[in-house]
Every structure is written in C-alpha cells, then in structure tokens.
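# Per-entry structural report
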Amino acid sequence: MALIVQKFGGSSVANAERIKNVAKRVVRTKRKGVKLVVVVSALGDTTDELLDLVGQITDRPSEREMDMLLATGEQVSVALLAMAIHQLGEKAISFTGPQVGIITDPMHTKARILDINTSRIEKALREGNIVIVAGFQGKTVTEEITTLGRGGSDLTAVALAKALRAKHCEIYTDVDGIYTADPRVVPNAQKLDVMSYDEILELASLGAQVMQSRSIEVGKKFNVPIYVRSSMNDTPGTLIIKETRKMEDVVVSGVALNQNEAKITMFKVPDQPGVAAKIFKVIADHGINVDMIIQNKTQTKTTDISFTVAKSEIKKALEAVRKAARSVHAGPVTSDGHIAKVSIVGVGMKSHTGVASKMFGALARKRINIDMISTSEIKISCVVPGNKGKEAVRVIHQEFGLGKN
C-alpha cells in the first residue's frame, strides 16, 4: 500500500469550516487505499498573532521562550483536524513533532532536523490511523522544544516523506500551484505545470512565498517528488522534480519579489587580507544569514562593503556589524530598510545569452535604478528602491513574455 504525505498550511485550516474541508479531502484520499500522514500548520494567522503579543511585551525575547510559545499553534491544529476526521468515521491520531521523534540541533527559532524516529508513526499507520503531525517543530536530544523557522511545516512534511519512503509529498496551500510571478502583483501570471528543484529552490530563497527553501533542499537531496496544490479545489497543481532537458527550452520560468530584506553598508573598511573574513565571522557567530554582498574598492586603501539581511534581523545584525567594524577599525555603518530584491529564475539561462542585458534594459526603460546585482547559473537578482519593487516585477515579467495571452 502506497504512503503519501500531505501538508496543509495555515490558510487551509484558518477556521472550523476549512478544517472540516481538509478532513473531507484527507478522508477521500485515505479511502483510495493509501496510507496517509498529514502535516498541519497553525490556524490562519495564529503565529503572527503570537508574535504581535511578544512585541507588546519585549523587543528582545528569549529565543528559547519564542519556541515554547510558537510551537503551541500547531498543537491546536492537529487536535482539531483529528476530531474532524473522527466525525467522518475514520481513525486518526495527532502528534506533536517531539512526540514522533523529530530531533533537531539546538538552534532555537531556526533549528535543523538531524534525525526522525518513525517507529511511532509506523505503529499508528499499521493500526489503520490517519497520522496527523504538527509541523514546524521538533526537539533536541536534551528534550528542548525547537522550531524550524518560518515555513517550517513544509520542511516537516518533506523530511517525513523521505524518512517514511513516501510515494510523494503534497503541499496544499491557498493557490493552485506555482506561478510565473505572484498573481497579486502580476494579474496575468501563469501557473506552471512542472518545475525543477533548482528553480523552485532559487524562487523560494529569493522571496517567492511558495515553499520554505530548506524543504526543497531536502526534496532535491533525496529525490522526493513534491506537488504544490490548492486545498480549495482539485486542480493538478505544480510538480517539482529533477531537471529535465525539456526545461532548458524555457529561458526564464519565474520572477520573484522580496521586500523583507534590508541593506547594511560598512564604510572605510581596511583593504587587507582577512578583514572580510573577520567581519563575516562575527556576523555568522550571531546566527545572522547574509544574502547579497558587494564590495567597492576606493582609492584610499579602504573599501566599502554592502550586504543584505532579513529585515526582521536588522537590529541584531547592526549590533553584530558595529562590533565587527570596531574590531577591524572600519568607519561608520549605515542601514536601509526600504529596498526590494527582484529576481528572475530559469534553468534555460544556462544555454541562452543576453538574459541579463534584457532584464537590465527593461528596468532602465522604466528608469528603475539598480543598487546591487547578484547572479548564479540559473538566476539574476537586483536590489532596487523599495517603492519600485512591484513595478520592476511587472516590467520584467512582461519583457520575458511570461504572462497569459
């Protein structure tokens, strides 16, 4: 009997009616003769509401206590979904991440999964249950509760699919699949039938709110087929698989917008070997992820270094950067929270020339200034003024002919 892992996001279980709809979908799948493990996020905006409460109490919460708080949201969801399934006459049992043996490292608020002991899930499946697991959470070897970062329920689902050797993993959300751009920004964006792991990994890491990037990394590493589908209808959705030669025919698959980053600039950094290493070690030691980096060499034996970080970590990042600046005798440090990162992604870039000039030309015609540029084999990213981000996405999407006719 095949085993499938399904994951339902917060919008899919936002209220009692939607929880009942998810229960009906889950039961229909079970009655097709498959074993089923269901991963669930917290209800609707629960996580945001909890974060708002934290903000009313402190602007420097303990990360351990943040995990204790945020892990409660999913526990509500899994219990309610189990009850809804019971009402439909099927057996179901709910578990938290720690209860099913999801073991993580001790990095609170963004822990990484180290191991999963599937014995409890497998026993429940043998007993005929639909197994419901709280996403986004786990525990350390010392029994501390941890969370996996924003979007961590995706990671829970894909990791469980790998550990349980599932046929595939289905990610249910409030959209029909993955689009060439966010339909809320570009109304004529098209749904994609198939994407490669590399393409969706780039889109996720670049700000497209589709799936958590770490979940895609696990899917790619262990070749777990992933479907992104709507929980509101039966549209096939988008299948994420290994790259195929056919995919290279499409130069650009999608355009992403990230408005959740901030830029930090260090001025008058000594232009000496090892200085950059010292600076970014201090930043890394504070658990801060750096995205784009640009270094501008001057004529005064110093250099200016600019880089981007998550906007939510800007206070923490500035503390670390100013500490690093003092340690290397650098000049002032500034920040800019009003930026947007616009990116294009496509495996077809490997075999086509002129993609960058086409993108830059489209922005230039609309007089949108480019502040930073970053490239890889299958993506190009530009930092532009924050108030120009959505316009930039629409211009680029049109330039590459990605919209519906």
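Residues numbered from 1 in each chain as written. Predicted model: local features only at pLDDT ≥ 70, side-chain atom pairs only at ≥ 80, totals over all residues. Heavy atoms only, no water.

## Describing the packing of helix H1 (residues 16–30) against helix H4 (residues 72–87)
Put simply, the rule is: Axis definition: a line fitted to C-alpha atoms, limited for helices to the stretch in contact. Angles are taken between N-to-C directions and run from 0 to 180 degrees. Segments assigned H or I by DSSP are reported as helices when at least four residues long, segments assigned E as strands when at least two residues long, and all are numbered from the N terminus. These descriptions rest on fixed angle ranges, namely under 35 degrees for roughly parallel, over 145 for roughly antiparallel, 65 to 115 for roughly perpendicular, and the rest for oblique. By convention, the crossing between two helices is left-handed when the near helix turns anticlockwise from the far helix through less than a right angle, and right-handed when the turn is clockwise. Note on definitions: a residue-residue contact is assigned when non-hydrogen atoms from the two residues lie within 4.5 Å. Lys, Arg, Asp and Glu make up the charged group, whereas Ala, Val, Leu, Ile, Met, Phe, Trp, Tyr, Cys and Pro make up the nonpolar group; the residues left over, Gly among them, are polar.
H4 packs onto H1 with a crossing angle of 60° between their chain directions and a minimal axis gap of 9 Å. Compared by their axis directions, H1 and H4 come out oblique. The two elements H1 and H4 cross, and the hand of that crossing is right-handed. Two secondary-structure elements touch here, H1 through Ile19, Val22, Ala23, Val26 and Val27 and H4 through Leu80, Leu81, Ala84 and Ile85. Counted by class, the contact of H1 with H4 contains nine nonpolar, no polar and no charged residues.

## Here we look at the packing of aromatic side chains
Note the threshold: The aromatic pairing rule takes the rings of Phe, Tyr and Trp, using the six-membered ring of Trp, and pairs them if the centres are within 6.5 Å, calling planes under 30 degrees apart stacked, those over 60 edge-to-face and the rest tilted. Per-residue accessibility, obtained with a 1.4 Å probe over protein chains only, is compared with the maximum for each type, and a residue is labelled buried under 20%, exposed over 50%, and partly exposed between these values. The rule is short: NZ of Lys or CZ of Arg within 6 Å of the ring centre and within 35 degrees of the ring normal puts a charge over the ring.
For the structure shown, the criterion picks out two aromatic pairs. A ring pair is formed by Phe8 and Tyr172, whose centres lie 4.7 Å apart and whose planes are at 10°; its orientation type is stacked. Note that Phe8 is positioned in strand S1 (residues 3–8) and Tyr172 in strand S9 (residues 168–173), a separation of 164 residues in sequence. This pair shows no difference in class: Phe8 is buried, exactly as Tyr172 is. Taken together, a centroid distance of 5.3 Å and an interplanar angle of 65° make the contact between Phe280 and Phe307 edge-to-face. You can see Phe280 sitting in helix H9 (residues 275–285) and its partner Phe307 sitting in strand S18 (residues 302–310), a full 27 residues away along the chain. The exposure class of Phe307 is buried, given its relative accessible area of 0%. Over the ring of Phe222 we find Lys162; its NZ or CZ atom is 4.5 Å from the centre of that ring.

## Let's talk about the pairing of S9
Rules: Each pair of strands is called paired provided DSSP finds at least two bridges between the two strands.
For S9, a buried count of six out of six residues is recorded, marking the element as mostly surrounded by other parts of the structure. Bridge analysis of S1 against S9 gives five bridges, and the strand direction is parallel. Residue pairing for S9: Ile4 is matched across the bridge by His168. Sheet topology note: the S9/strand S13 (residues 226–230) ladder contains five bridges and is parallel. By the bridge assignment, Cys169 is partnered in S13 with Ile226.

## Things to note about the side chain of Lys30
Let me state the cut-off plainly: This count recognises Lys and Arg as positive and Asp and Glu as negative, with His and chain-terminal groups excluded. What makes a salt bridge here is a side-chain nitrogen of Lys or Arg within 4 Å of a carboxyl oxygen of Asp or Glu, nothing more.
Considering the arrangement of structural elements, one finds Lys30 in helix H1. Look at Lys30: it is buried, it has no salt bridge, and the nearest opposite charge is Glu90 at 4.0 Å. Each residue touching Lys30, except ones within four places of it in the same chain, is listed here: Leu36, Glu90, Gly128 and Ile130.

## Examining the sheet that holds strand S19 (residues 333–336)
One open sheet holds the four strands; their spatial order is S17-S18-S16-S19, and the pairing between them is antiparallel. The sheet is open, and its two edges are formed by strand S17 (290–297) and S19, each paired on a single side. In this sheet, adjacent strand axes meet at a mean angle of 20° when their direction is disregarded. Summarising the sheet, strand S16 (residues 261–270) and S18 pair through eight bridges and their orientation is antiparallel.

## Points about the packing of helix H7 (residues 197–205) against helix H8 (residues 213–222)
In the contact formed by H7 and H8, the axes pass within 8 Å of each other and the chain directions differ by 165°. With respect to their mutual orientation, H7 and H8 come out roughly antiparallel. In the crossing of H7 with H8, the sense of the turn from one axis to the other is left-handed. Taken together, the residues of H8 that come into contact with H7 (itself represented by Tyr197, Asp198, Ile200, Leu201, Ala204 and Ser205) are Ser213, Ile216, Glu217, Gly219 and Lys220.

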